[in-house]
Amino acid sequence: MTTVLVIDDSPSEMAKFRDMLAKNNFRVLEAANGEEGCAMAIEHLPDVVLMDVVMPEMNGFQATRKITRGKTTSHIPVVIISTKNQETDRVWGKRQGAKEYLTKPVDEAELIRIIRNVTE
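Just so you know, these numbers come straight off a predicted model, no measurement behind them. (Residues numbered from 1 in each chain as written. Predicted model: local features only at pLDDT ≥ 70, side-chain atom pairs only at ≥ 80, totals over all residues. Heavy atoms only, no water.)

A closer look at the overall build of the chain
So the rule is basically this: Runs of E in the DSSP output that reach at least two residues are strands. Runs of H or I that reach at least four are helices, and both are numbered from the N terminus. Radius of gyration means the value over C-alpha atoms here, while the globule rule gives 2.2 Å times the residue count to the 0.38 power. Only heavy atoms matter for contacts: two residues are in contact if any of them lie within 4.5 Å across the pair.
Per the secondary structure count, the chain includes 5 helices and 5 strands. When the elements of the chain are put in sequence order from the N terminus, they spell out β-α-β-α-β-α-β-α-β-α. Its C-alpha atoms give the chain a radius of gyration of 13 Å, within 12% of the compact-globule value 14 Å for 120 residues. Expressed as lengths along the three principal axes of its C-alpha atoms, the size of the chain is roughly 30 × 30 × 25 Å. For the chain, the proportion of contacts with a sequence separation of at least 24, taken over those separated by at least 6, is 61%.

So this is what it looks like as structure tokens:
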């Protein structure tokens with residue numbers, strides 16, 4: 001079973017992701033901020049990380065960089081999912097190591113397709 005770590009500080013967004021992923025047979029791990037998410041990535045080594053950008057303390061760009069450049073976590077694909085929809089945000093997210101960049105609200109079918117693509 002594919003394990004997905006969702007890093008998002010919004011309880012309502014987290015609930016949406018949890019529902020979408022669970023009904024598509026993914027195991028879901030949850031982190032409420034970048035620091036917690038990075039620690040969980042190291043501890044659990046999920047198959048993929050879904051990363052929000054706008055979070056307190058460590059933002060999603062910083063957390064993406066930490067995970068994708070970490071010694072034990074660099075193999076984990078990160079998919080940024082954010083309300084920030086400018087081209088500069090997309091480019092910056094990819095430069096931090098993200099494999100994909102989606103904007104909220106996310107389409108369930110597209111999300112599942114992208115998770116399957118980055119974990120193959």
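Let's talk about the sheet that holds strand S2 (residues 27-31)
What counts is decided by this rule: DSSP calls a pair of strands paired once it identifies at least 2 bridges connecting them. For helices, the fitted line uses only the C-alpha atoms of the stretch in contact; every axis is such a line through C-alpha atoms, and the angle between N-to-C directions lies from 0 to 180 degrees.
Taking strand neighbours across the sheet as the criterion, the 5 strands line up as S2-S1-S3-S4-S5 in an open arrangement whose pairing is parallel. The sheet is open, and its two borders are formed by S2 and strand S5 (100-103), each paired with just one other strand. Direction aside, neighbouring strands of the sheet carry axes that sit 20 degrees apart on average. For strand S3 (residues 48-51) and strand S4 (residues 78-82), the ladder comprises 3 bridges, and the chain directions are parallel. Along S4, the bridge assignment pairs Met 51 with Ile 80. Lying on the sheet, helix H1 (residues 11-23) is in contact with strand S1 (3-7), S2, S3 and S4; it crosses S2 at an angle near 165 degrees.

Points about the environment of Ala 22
Quick note on the threshold: Only protein chains enter the accessibility calculation, which uses a 1.4 Å probe; a residue whose area is less than 20% of its type maximum is buried, one above 50% is exposed, and one in between is partly exposed.
On the secondary structure map, Ala 22 appears in helix H1. Here Ala 22 falls in the partly exposed class, since its relative accessible area comes to 43%. For the pair formed by Ala 22 and Ser 82, sequence separation is 60 residues and the distance between their alpha carbons is 20 Å.

As for the pairing of S4
Taken residue by residue, a regular strand's side chains alternate between the two faces of the sheet. Which entries qualify depends on this criterion: Looking down the strands as they point away from the viewer, one classifies a crossover as right-handed if the path from the first strand across the helix to the second runs clockwise.
Counting buried residues along S4, 5 of its 5 residues qualify, which places the element largely inside the surrounding structure. Burial along S4 is two-sided: Val 78, Ile 80 and Ser 82 facing one way and Val 79 and Ile 81 facing the other are all buried. Handedness of the crossover is the feature at issue here: the chain leaves S3, passes through helix H3 (residues 60-68), returns alongside S4, and the resulting connection is right-handed. Where S4 lies against S5, 4 bridges are found, and the strand directions are parallel. Each residue of the ladder has a partner; that of Ile 81, found in S5, is Leu 102.

On their own, these measurements won't tell you what the molecule is for.
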